[in-house]
Amino acid sequence: MDLPQYFVALILGIIEGLTEFLPVSSTGHLIIFGDLLNFNDEVSKVFEIVIQLGAILAVCWDYRQRLTDVALGITRYASARRFVTLLIVGFLPAAVLGVLFHSKIKGALFNPLTVATALVLGGFVILYLEKRNHRPRIHAIDDMRWTDALKVGFAQALAMIPGTSRSGATIMGGLIFGLSRKTATEFSFFLAIPTMFAATVYDVYKNREFLHLHDFPLFAIGFVAAFISAMWAVRGFIRFVSNHTFIAFAWYRIVFGLFVLATWYFGWVQWTEA
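If you're wondering where the values come from, they're calculated on a predicted model, not measured in any experiment. As a convention, each chain's residues are numbered from 1 in the sequence order in which they are written. Given that this is a predicted model, residues contribute local features only at a pLDDT of at least 70 and side-chain atom pairs are listed and counted only at 80 or more, while totals for whole chains, interfaces and linings are drawn from all residues. Note: side-chain values were computed over all heavy atoms of the structure, leaving out hydrogens and water.

Draft legend 1. Local environment of the pattern of salt bridges. Here a salt bridge means any side-chain nitrogen of Lys or Arg lying within 4 Å of a carboxyl oxygen belonging to Asp or Glu. Applying the stated criterion across every chain yields a total of six salt bridges. Salt-bridge contacts for aspartate 203 lead to lysine 106; the nearest nitrogen and oxygen are separated by 3.7 Å. Of the two residues, aspartate 203 is situated in helix α9 (residues 181-206) and lysine 106 in helix α5 (residues 78-109); the sequence distance between them amounts to 97 residues. Exposure categories follow from relative accessible area, calculated using a 1.4 Å probe and restricted to protein chains: below 20% of the type maximum is buried, above 50% is exposed, and the middle band is partly exposed. You can call lysine 106 partly exposed: its relative accessible area is 23%. Residue aspartate 148 pairs with arginine 137 through a salt bridge whose shortest N-O separation is 2.8 Å. With a gap of 11 residues between them, aspartate 148 in helix α7 (residues 146-157) and arginine 137 in the loop between α6 (112-131) and α7 connect regions that are remote in the sequence. Residue arginine 137 is classed as partly exposed on the basis of its relative accessible area of 45%. Here the salt bridges do not stand alone but share partners, grouping Arg137, Arg145 and Asp148 into one network. For the purposes of this entry, the term helix denotes a DSSP run of H or I that reaches at least four residues, the term strand denotes a run of E that reaches at least two, and both are numbered from the N terminus.

Draft legend 2. Geometry of the environment of tryptophan 271. Mapped onto the secondary structure, tryptophan 271 falls in the segment after α11 (247-265). Considered as a pair, tryptophan 271 and valine 260 are 11 residues apart in the sequence and their alpha carbons are 9.0 Å apart. A polar atom in the side chain of tryptophan 271 sits 2.7 Å from the side chain of threonine 263. Under this definition, polar contacts are N or O atom pairs within 3.5 Å; protein pairs additionally need one hydrogen-donor-capable and one acceptor-capable atom, and for neighbouring residues in sequence, both atoms have to be side-chain atoms.

Draft legend 3. Region of the structure containing unusual backbone geometry. The backbone phi angle of asparagine 38 is positive, close to 60°, even though this residue is not glycine. If you trace the backbone, asparagine 38 turns up in the loop between α2 (26-36) and α3 (42-62). For asparagine 38, a relative accessible area of 46% puts it in the partly exposed group.

Draft legend 4. How the structure looks around the nonpolar core. Among the nonpolar cores identified, the biggest contains 45 residues, and Phe21, Met144, Phe187, Phe189, Phe237 and Phe246 are the most heavily contacted of them. Looking at this core, the elements with two or more residues in it are α3, α5, α6, α7, α8 (166-176), α9, α10 (216-241) and α11. The element contributing the most residues to this core is α9, with eight residues. Only heavy atoms enter the contact rule, under which two residues are in contact if any of them lie within 4.5 Å. Leaving out residues up to four positions away in the same chain, phenylalanine 189 has contacts with Phe21, Ile56, Val59, Tyr63, Val234, Phe237 and Ile238. The nonpolar core is taken to be a set of buried Ala, Val, Leu, Ile, Met, Phe, Trp, Tyr and Cys residues, with the residues joined through side-chain atoms within 4.5 Å. Ala9, Leu30, Val46 and Phe219 belong to the second largest nonpolar core, which has 15 residues in total.

Draft legend 5. Geometry of the side chain of serine 167. Assignment of secondary structure puts serine 167 in helix α8. Within polar-contact distance, the side chain of serine 167 engages the backbone oxygen of leucine 22 at 2.6 Å. The contacts of serine 167, once residues within four sequence positions are left out, are Glu20, Phe21, Leu22, Pro23 and Ser188.

See below:
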């Protein structure tokens, strides 16, 4: 499907912003739609990194008061230092495992068929977890212990497999380890800040030879689209999880993943397989 590159950038930016913080895998969606729109070269890989930064900045803006209070109070208040400690501890598993295995995983698994399979399997995992009797013992981030953050951090590391969903892994992991739905969701948002900033810096550095000034308008369109759509999605998602389960997202993953696999099986779309 050949469309003007700027229009493709707009579409992918919106997709990134809408899916980054939902348990449906933004990376997976970018891989699938990037392949469908013939935007899957080396420049596209850097583009995906840059627009993810736009999405995470939307969370920083939405929670700017909390982040400002923590930054200003880190030398004065134990609660601020404790909050930062939770984020550091939660960030470490993905950081260490990412440095060790990210390149190998990206080279072998970043393709639409792997993503579709992970979407389906992840959907069934969510359905299974939602059938369990969930009795939260932690109703606010300030009530979390460092061990709780570490467990959620290891859950987040599962998202190195494309299609798993970083937010899905952290939120579902949070529910398993006793966090309430809202607490698990908010901690997932905050944990995304150091994780995605670090991933962005790491990936941009490794792919710096593909950064060119003439691609700036393309990146800017995707960045702004991701920022605006992510801000809308985050606010709506917080309201949604306060009164609903994640079952709707599970069925979306299953149906979408099976549809992509069906298009491959019947030869309707020639997906990139590696």
